[in-house]
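Fold and contact review
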Amino acid sequence: DTGVSQNPRHKITKRGQNVTFRCDPISEHNRLYWYRQTLGQGPEFLTYFQNEAQLEKSRLLSDRFSAERPKGSFSTLEIQRTEQGDSAMYLCASSPASLGNEKLFFGSGTQLSVL
Amino acid sequence: RKEVEQDPGPFNVPEGATVAFNCTYSNSASQSFFWYRQDCRKEPKLLMSVYSSGNEDGRFTAQLNRASQYISLLIRDSKLSDSATYLCAVNSFSGNTPLVFGKGTRLSVIA
């Protein structure tokens, strides 16, 4: 399968714990995006990378959130000191730079539940 | 005013019906427009891009109205398998800013 891969699919954690999610984009895609989606809402942009450079961060991304893409391939999203309000589906998407973000290919997401 | 707005629905239509959704956007500088389909508990998938001249893909037709700042999606001859949430997405400068999504419009096609 050469699509966008996200791990884990589900994560249940207690409030105050740290969690880390991983995203493996389609191999030839330069751009990688993180979105968050809650029930009844559309995906909300969090941050994106072109290769290893983080180009933009939403104000939704508090200082408890950090994302990396160290070698321009896979990316990790870490949430420190999780809060119940962090419960959501975290979606990763990638696209080739030649198309900008015109065609985003999403992974299946990581469903986070903070108890 | 939200950047991208959609009627959340649900739209409940019988098989074979024609249904249309609109999506309004607030940024007149928006350049690129898309419709995504999202099935329950699945990731969004690109359904079609929306071009200034309008475009058609089988039973689906997308149109852009820049003057009134909205895009539309028309589905003809609805199938049960069309039941899903339809998300519109917009970006301001093609290729250089992240897509902004609407909340989605839920469609249920009923036998």
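Keep in mind the model is a prediction, meaning the values are calculated, not measured.

To continue, consider the layout of surface pockets. Empty space within the largest pocket amounts to approximately 840 Å³. Lining the largest pocket are 30 residues, with Q37, L39 and G40 of chain A together with C40 and R41 of chain B sitting closest to its centre. Its residues assigned to classes, the lining of the largest pocket shows nine nonpolar, 15 polar and six charged. One number sums up the size of the second largest pocket: a volume of about 700 Å³.

One face of the sheet, then the other: side chains in a regular strand alternate in exactly this way. Residue and element names in this part refer to chain A. Of all eight residues that make up strand β9 (residues 88–95), eight are buried, and the element is covered over most of its length. Bridging between strand β4 (residues 31–37) and β9 involves seven bridges; their strand directions are antiparallel. The residue of β9 that forms the bridge with Y33 is A93. The sheet contact formed by β9 and strand β11 (residues 110–114) spans three bridges and is antiparallel. Considered in β11, the bridge of A88 is made with L112. Sheet topology note: the β9/strand β10 (residues 105–106) ladder contains two bridges and is antiparallel. Bridged to A93 within β10 is F106.

Take the environment of Y35 of chain A next. Mapping Y35 of chain A onto the fold places it in strand β4. With eleven residues separating them in the primary sequence, Y35 of chain A and L46 of chain A have C-alpha atoms 5.1 Å apart. Apart from the residues within four sequence positions on either side, Y35 of chain A is in contact with P43, E44, F45, L46, M89, Y90, L91, L104 and F106 of chain A together with P98, L99 and F101 of chain B. At 2.8 Å, the side chain of Y35 of chain A and the backbone oxygen of L99 of chain B are in polar contact.

In the structure shown here, the tally under the stated rule is twelve aromatic pairs over all chains. When the centroid spacing of 6.0 Å and the interplanar angle of 65° are considered together, the rings of F106 of chain A and F101 of chain B count as edge-to-face. In this pair, F106 of chain A is assigned in strand β10 and F101 of chain B in strand β10 (residues 100–101), connecting two distinct chains. The pair formed by F106 of chain A and F101 of chain B is uniform in burial state, with each residue classed as buried. Here the aromatic rings of F21 of chain B and Y86 of chain B are separated by 5.5 Å at their centres, their planes lie at 35°, and the arrangement is tilted. Within this pair, whereas F21 of chain B is found in strand β3 (residues 19–25), its partner Y86 of chain B is found in strand β9 (residues 84–91), the two being separated by 65 residues in sequence. Through a chain of ring-to-ring contacts, the aromatic side chains of Y33, Y35, F45, Y48 and F106 of chain A together with Y36 and F101 of chain B assemble into a single cluster.

Conventions used here
Residues numbered from 1 in each chain as written. Chains lettered and ligands numbered in written order. Predicted model: local features only at pLDDT ≥ 70, side-chain atom pairs only at ≥ 80, totals over all residues. Heavy atoms only, no water. 1 Å grid on protein atoms, 1.4 Å probe; cavity = no way out; pocket = protein on both sides within 12 Å on 5 of 7 lines; lining within 4 Å. Points joined across faces, edges and corners; volume = space filled by probe spheres on them. Nonpolar A, V, L, I, M, F, W, Y, C, P; charged D, E, K, R; others polar. Buried < 20%, exposed > 50% of the residue type's maximum accessible area, 1.4 Å probe, protein only. Helix = DSSP H or I, 4+ residues; strand = E, 2+ residues; numbered from the N terminus. Pairing = 2+ DSSP bridges. Contact = heavy atoms within 4.5 Å. Polar contact = N/O pair within 3.5 Å; in protein donor to acceptor, adjacent residues only side chain to side chain. Phe/Tyr/Trp six-rings, centres within 6.5 Å; stacked < 30°, edge-to-face > 60°.

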